[in-house]
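Topology and contacts: notes
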Amino acid sequence: MPESLDGTIALVTGASSGIGRAAAKRMAGEGAAVSIVARRRDRLEALAAEIRSAGGRACIVEADVTAARAAAEVVEKTVAEFGRLDTVVNAAGTMLNGDSVSSPLQEWDRMVDLNLKALMYVTKAALPHLLDGAQTGGRKVTDVVNIGSIAGRVPNARVAIYNATKFGVTAATEAWRQEFANRNVRFSVIAPGAVDTELFGHQQQTTQEHYTKLFSAVEKLHADDIAGAIAYIVTNPRRIAVNELVIRPTDQT
Ligand code: NDP
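Residues numbered from 1 in each chain as written. Predicted model: local features only at pLDDT ≥ 70, side-chain atom pairs only at ≥ 80, totals over all residues.

A few words on the overall build of the protein chain. Each helix and strand counted, the protein chain has seven helices and seven strands in total. When its helices and strands are written in sequence order, the protein chain yields β-α-β-α-β-α-β-α-β-α-β-α-α-β. Taken against the 2.2 N^0.38 rule, which gives 18 Å for 253 residues, the C-alpha radius of gyration of the protein chain at 17 Å falls within 12% of a compact globule. Seen through its principal axes, the protein chain has C-alpha atoms that stretch 50 × 40 × 35 Å. (Helix = DSSP H or I, 4+ residues; strand = E, 2+ residues; numbered from the N terminus. Rg over C-alpha atoms; globule rule 2.2 N^0.38 Å.)

A few words on the UniProt feature "domain: Ketoreductase" (unreviewed entry) in the protein chain. Per the UniProt record, the feature "domain: Ketoreductase" (unreviewed entry) sits at residues 8-198. Structurally, residues 8-198 is divided into 49% helix and 18% strand, and its ends, taken at the C-alpha atoms, are 29 Å apart. (UniProt positions renumbered as here; feature names shortened; annotations may be inferred.)

The buried fraction of strand β2 (residues 33-38) amounts to six of the six residues, a majority that puts the element mostly inside the structure. Here β2 shows two buried faces, one formed by Ala33, Ser35 and Val37 and the other by Val34, Ile36 and Ala38. Bridge count for strand β1 (residues 9-13) against β2 is five bridges, and the pairing is parallel. Within β2, the position partnered with alanine 10 by the bridge is valine 34. Crossover β1 to β2 through helix α1 (residues 18-29) is right-handed. (Buried ≥ 20, exposed ≤ 12 C-beta atoms within 10 Å, placed from the backbone. Pairing = 2+ DSSP bridges. Right-handed = clockwise from strand over helix to strand, strands pointing away.)

Taken in spatial order, the seven strands of this open sheet run β3-β2-β1-β4-β5-β6-β7, and their pairing is parallel. One side of each edge strand has no neighbouring strand; the edge strands of this open sheet are β3 (58-62) and β7 (244-247). With strand direction ignored, the average angle separating the axes of adjacent strands in the sheet is 15°. Two elements, strand β5 (residues 142-147) and strand β6 (residues 185-192), share six bridges in a ladder whose sense is parallel. Looking at the pairing, asparagine 146 lines up with valine 189 of β6. Packed onto the sheet, α1 meets β1, β2, β3, β4 (87-90) and β5 and runs at close to 170° relative to β1. The strands that helix α2 (residues 41-53) touches are β2 and β3; relative to β3, the one it contacts most, it runs at about 175°. (Axes fitted to C-alpha atoms, helices over the stretch in contact; angles between N-to-C directions. Contact = placed C-beta atoms within 7 Å.)

Taken together, 30 residues sit near the ligand, with Gly14, Gly18, Arg39, Arg40 and Gly93 positioned nearest. When residues of the shell around the ligand are traced back to their parent elements, those giving at least two are α1 and α4 (105-136). Examining the composition of the shell around the ligand, we find that three residues originate from one element, α1, more than from any other. Residues belonging to the shell around the ligand are distributed by class as follows: 13 nonpolar, 12 polar and five charged. (Near = placed C-beta within 6 Å. Nonpolar A, V, L, I, M, F, W, Y, C, P; charged D, E, K, R; others polar.)

Glancing now at the nonpolar core. The biggest cluster of nonpolar side chains holds 73 residues, and the ones touching the most others in it are Val12, Val34, Ile36, Val122 and Ile230. If sequence neighbours within four positions are ignored, isoleucine 230 has contacts with Ala23, Arg26, Val89, Val145 and Ile190. (Core = buried A, V, L, I, M, F, W, Y, C linked by C-beta atoms within 7 Å.)

A word on unusual backbone geometry. For lysine 140, which is not glycine, the phi dihedral falls at a positive 60°. With respect to the secondary-structure elements, lysine 140 resides in the loop between α4 and β5. Look at arginine 158: it is not a glycine, yet its phi comes out positive at around 70°. Along the chain, the position of arginine 158 falls in the loop between β5 and α5 (160-180).

In this section: the packing of α4 against α5. Packing of α4 against α5 leaves a shortest axis separation of 9 Å and a crossing angle of 5°. Taken as axis vectors, α4 and α5 run roughly parallel relative to one another. Residues Trp108, Met111, Val112, Asn115, Leu116 and Leu119 of α4 pack against Ile161, Tyr162, Thr165, Lys166, Gly168 and Val169 of α5. Taken together, the residues that form the contact of α4 with α5 break down as eight nonpolar, three polar and one charged. (Parallel < 35°, antiparallel > 145°, perpendicular 65-115°, else oblique.)

Laid out in structure tokens, this is it:
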């Protein structure tokens, strides 16, 4: 039986759009107070208004989590506002694929900085609170859900650095899972296939066109589909740890 998230606190990065936004709404709907994190304040304000009008609790934290100090402050502000931390959803990410000769090095840096290092910074800052929450909370368990990717399991040409960051997320999540398995902090990675969000639009025009063609016959997943998977993971009773979920559109090979 799924458990309610009433009385728990969730921190969601990348909450201004796509999967993070859907996850924050869903977690709030399950009863969690949510700390919503991203750079675009107007988007966070609109989301907070939606959550509050549905009877939920939300705290806006505008931050660029690629800076270690800012990532730590995100966690500190969440705990200062709500008093504890039970769930972290690391959804902030970017995908900048393309030809490795012409791709600017800055794009590679941006993927490493956000997809891997920011996730690492937020997780590191959150861990002491999650360990504490696992002892003091009514559910006796806390969660980190990392949004990886199919690209964290299968490499492809012109995806090298995105692949490298997402393989890193898959590997770190499993290593953390083992490290904290007997301390009631669950680590899960979700590996989605194509989801209809702003992600593909981060890339250069020619790469966007490549993906539009590649997925022309695919009915992409909705961000809510991934939010549902996150809710499934974190509402499980303490004894059940969902280590990894792979979710592709039915038509995606
Ligand atoms: P979106 O582009 O819709 O969302 C990305 C989010 O990351 C936005 O909220 C953005 O907010 C936030 N973000 C970007 N840079 C920063 C930063 N420096 N500091 C804080 N927040 C930041 O994409 P998705 O929802 O699709 O992506 C979410 C995750 O899912 C990513 O890790 C992605 O790799 C992964 N994924 C997505 C798939 C897809 O097909 N869409 C498939 C597989 C995995 P803001 O700009 O306001 O800061």
